[in-house]
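Below are the chains, spelled out letter by letter.
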Amino acid sequence: MSQSLAPAGTAAGPVAELALTGDLTRPARLTVPDLLAWSQHRTDVSFECATSGVRHHRFTGPLLHDVLMAAQPAFDPARRKDRLRFLIAVSGADGHHALLSWAEIDPDFGGAPVLLAATIDGTPLDRAGPQLVLPQDRCGARHISGIQQIRVDGGYTTWA
Ligand SMILES: Nc1nc2c(c(=O)[nH]1)N[C@H]1C(S)=C(S)[C@@H](COP(=O)(O)O)O[C@H]1N2
Ligand SMILES: [Mo]
């Protein structure tokens, strides 16, 4: 029997998959090990949770911007203004979700070093799924864990 017919991760338990969807020329499904193909960054963050106080974590992984650029968002890369209508919707397996604007992570605009973490505190996130890391955030609410989908949306074209 062909091994490729077995469900992903059968031997070692389920492997989480992240779907990159929306206005992308190259939509993709990525595992956490797939994220190691991009240049890896490390960041130590502290954030405050409204219910459990200050938390500290070390994360490693690629820049969200690098991963999304590989999926080729449907804007004209040479026209900076064309990127300003794009939103990034990030959602976890439990339904927790948040919106970022494209300009927030674009090096020509906000340039925030937002990571798609592949490890937390030295532990791989292969089964839990990647985590959004925003070193600039004081509050922890956007540090979405177990990311299942990232939807890039350039449909905000009607300006009333
Ligand atoms: N998927 C998911 N991610 C989440 C949340 C959640 O409810 N679901 N809560 C957020 C909030 S409010 C905080 S403060 C941090 C807490 O992260 P920690 O448990 O690693 O300290 O996770 C964030 N990420
Ligand atoms: Mo929180």
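The structure displayed is predicted, hence computed values, not measured ones.

Would you take a moment to explain the overall build of the protein chain for this structure?
A count of helical and extended segments in the protein chain gives two helices and 11 strands. Of the regular secondary structure in the protein chain, the N- to C-terminal order runs β-β-β-β-α-β-β-α-β-β-β-β-β. Looking at the 160 residues of the protein chain, the share that counts as buried comes to 38%. Restricting the contact set of the protein chain to residue pairs at least 6 apart, pairs at least 24 apart contribute 58%.

Can you help me understand the pairing of strand 2 (residues 28-31) in this one?
Side-chain positions along a regular strand alternate between the two faces of the sheet. Looking at chain direction, strand 1 (residues 17-22) and strand 2 are connected through four bridges and run antiparallel. When the sheet's bridge partners are listed, A19 is paired in strand 2 with R29. Hairpin geometry of strand 1 and strand 2 is characterised by an intervening segment of five residues between the two adjacent antiparallel strands.

Help me out: how do you make sense of the site of ligand 1 in this one?
Around ligand 1, the neighbouring residues are F47, C49, R55, H57, D94, H96, G140, A141, H143, I144 and S145. In the model, an oxygen atom of ligand 1 is placed 2.5 Å from a nitrogen or oxygen of the R55 side chain. Within the complex, the protein chains bury 71% of what would otherwise be the 530 Å² of accessible surface of ligand 1. Of all elements in the fold, only strand 3 (41-49) and strand 4 (53-61) reach the threshold of two or more residues within the shell around ligand 1. In the shell around ligand 1, the residues fall into four nonpolar, five polar and two charged.

So what exactly am I meant to see when it comes to the sheet that holds strand 5 (residues 87-92) here?
The strand order across the open sheet formed by five strands is 2-1-11-5-6, and the pairing between neighbours is mixed. Whereas interior strands pair on both sides, the edge strands pair on one side only; in this sheet they are strand 2 and strand 6 (97-101). With strand direction ignored, the average angle separating the axes of adjacent strands in the sheet is 20°.

Just checking my understanding: could you explain the packing of aromatic side chains for this structure?
To describe a pair of aromatic rings, you give the distance between the ring centres and the angle between the ring planes. Under the criterion given, the structure shown has two aromatic pairs. Between F75 and F86 the ring centres are 5.1 Å apart and the planes differ by 85°, which places this aromatic pair in the edge-to-face class. Here F86 lies in the loop between helix 1 (64-70) and strand 5 and F75 lies in the loop between helix 1 and strand 5, a separation of 11 residues in the sequence. Note on F75 and W102: the rings are 5.1 Å apart at their centroids and 70° apart in plane angle, and the pair reads as edge-to-face. Highlighted residues: F75 in the loop between helix 1 and strand 5 and W102 in helix 2 (residues 102-105), separated in sequence by 27 residues. Judged by its relative accessible area of 9%, F75 falls in the buried class.

Conventions we followed
Numbering of residues starts from 1 in every chain and runs along the sequence as written. Just so you know, chain letters begin at A and ligand numbers begin at 1, following the order they were written in. Predicted model: local features are reported for residues with pLDDT of at least 70 only, side-chain atom pairs are reported and counted for 80 or more only, and whole-chain, interface and lining totals are derived from all residues. To get the side-chain values, take all heavy atoms of the structure and skip hydrogens and water. Note on conventions: DSSP H or I runs of at least 4 residues are helices, E runs of at least 2 residues are strands, and numbering of each starts at the N terminus. Under the scheme applied here, a residue whose accessible area is under 20% of the maximum for its type counts as buried, over 50% as exposed, and between as partly exposed, the area being computed with a 1.4 Å probe on protein chains only. It only takes one pair of heavy atoms within 4.5 Å for two residues to be counted as in contact. By definition, two strands form a pair when at least two bridges between them are found by DSSP. Proximity is defined per residue: if any heavy atom of the residue lies within 4 Å of a molecule or strand, that residue is considered near it. Each polar contact in these results corresponds to two N or O atoms within 3.5 Å; when the atoms are within protein, one needs to be able to donate a hydrogen and the other to accept it, and residues that are neighboring in sequence are counted only if both atoms are side-chain atoms. What sets the accessible areas is the Shrake-Rupley method with a 1.4 Å probe; for residues, cover comes only from the shown protein chains. Following the grouping adopted for this structure description, the nonpolar residues are Ala, Val, Leu, Ile, Met, Phe, Trp, Tyr, Cys and Pro, the charged ones are Asp, Glu, Lys and Arg, and the polar ones are all others, Gly among them. With axes taken as lines fitted to C-alpha atoms, and helix axes fitted only over the stretch in contact, angles between N-to-C directions fall between 0 and 180 degrees. Any two of the Phe, Tyr and Trp rings considered here, Trp counted by its six-membered ring, make a pair once their centres fall within 6.5 Å; the pair's planes then place it as stacked at under 30 degrees, edge-to-face at over 60, or tilted in between.

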